[in-house]
Amino acid sequence: MEIIANSIQAPKPINRFYAFITDRVFIALVLAFSGLAARDQSQAYQSLRFSLQSMLQIAPFFILAITFAGYAKATGIDAYIAKAFSGKIWITIVVASLAGALSPFCSCGVIPLIAAMLASGVPLAPVMAFCISSPIMDPEMFIITASGISLNFAIAKTFAAIGMGLGAGFVISGLQKFGLLLDPLKRTRAVSYTHLTL
């Protein structure tokens, strides 16, 4: 008699604090600030203050992007987002480059959004196009540039942002044709099923 049972192998609980303090980026930051403090304490204080102020300034964008990612995942909108980018690759790259140049996200605030897009199944090429063009130009920067320098310069920078997004998207698309960068997301431990025979 054969009985098939599903045995779920739950992942081991992760100590988030331990994972945080052993992260390579965190360790590199601690070493960098420690080395700076050893050489110049006043500069280390100013750098730390500047970093914290910058984090507070981009916090709203992080919150918005994370909220959007959670909402899209919970409501199933992520499937529609992926479907919207499932057409011809060159069209999706062009659309993503234009959308990136018009979006208000900075280089840090765009990270949670593009992670959500990748998790939703959006191809890497348009995501990279969006990621590159978004920090270079946004509506606020366009207005400031136009008023502080000139309108022509602001328009030129906008076209440059779109062009760089297009370049990045098509380069990624070309690399993927050679089998590279096909799985850009971090791998997570999945639930596994075991067949038991009695």
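Structure first, text after, so check above.
Student: What is the right way to read the overall build of the protein chain from this model?
Tutor: Assigned secondary structure in the protein chain consists of nine helices and zero strands. If you list the helices and strands of the protein chain from N to C, you get α-α-α-α-α-α-α-α-α. Buried positions account for 25% of the 198 residues belonging to the protein chain. For the protein chain, the exposed surface amounts to about 13,900 Å²; the carbon and sulfur share of it is 69%.

Student: Whenever I open this one, helix H2 (residues 24-39) confuses me. Can you help?
Tutor: Spacing of three or four residues puts side chains on the same side of an α-helix, whose turn is 3.6 residues. Compared with an ideal rise of 1.5 Å per residue, which puts 16 residues at 22 Å, H2 spans 23 Å between its outermost C-alpha atoms and is within 8% of the ideal. Residue Asp-23 occupies the N-cap position of H2, its side-chain oxygen lying 3.0 Å from the main-chain nitrogen of Val-25.

Student: Mind showing me how you'd approach the nonpolar core here?
Tutor: Nonpolar side chains in soluble globular proteins tend to end up buried together. Within the largest apolar cluster, 17 residues are counted, with the highest numbers of intra-cluster contacts made by Ile-114, Met-117, Val-127 and Phe-130. The set of elements that each furnish at least two residues to this core consists of helix H5 (89-102), helix H6 (110-119) and helix H7 (124-136). Counting residues per element, this core draws most heavily on H7, at six residues. Apart from the residues within four sequence positions on either side, Phe-130 is in contact with Ala-96, Ala-99, Gly-100, Ser-103, Phe-105, Val-110, Leu-113 and Ile-114. Formed by five residues, the second largest nonpolar core is a distinct cluster that contains Ala-101, Ile-136, Ala-161 and Ile-162.

Student: Quick question: what am I supposed to make of the packing of H6 against H7 here?
Tutor: Between two packed helices, the angle of one axis relative to the other and the distance separating the axes together describe the packing. Relative to each other, H6 and H7 sit at 170°, their axes nearing to 10 Å. Regarding the angle of H6 to H7, the classification is roughly antiparallel. Of the residues in H7, those touching H6 at Val-110, Leu-113, Ile-114, Met-117 and Leu-118 are Leu-124, Val-127, Phe-130, Cys-131 and Ser-134. Class assignment of the residues belonging to the contact of H6 with H7 gives a composition of nine nonpolar, one polar and no charged.

Procedures and definitions
Residues numbered from 1 in each chain as written. Predicted model: local features only at pLDDT ≥ 70, side-chain atom pairs only at ≥ 80, totals over all residues. Heavy atoms only, no water. Helix = DSSP H or I, 4+ residues; strand = E, 2+ residues; numbered from the N terminus. Buried < 20%, exposed > 50% of the residue type's maximum accessible area, 1.4 Å probe, protein only. Areas by Shrake-Rupley, 256 points an atom, 1.4 Å probe, with all protein chains shown as cover. Expected span 1.5 Å × (residues − 1). Polar contact = N/O pair within 3.5 Å; in protein donor to acceptor, adjacent residues only side chain to side chain. Core = buried A, V, L, I, M, F, W, Y, C linked by side-chain atoms within 4.5 Å. Contact = heavy atoms within 4.5 Å. Axes fitted to C-alpha atoms, helices over the stretch in contact; angles between N-to-C directions. Parallel < 35°, antiparallel > 145°, perpendicular 65-115°, else oblique. Nonpolar A, V, L, I, M, F, W, Y, C, P; charged D, E, K, R; others polar.

Just distances and angles here, no functional claims.
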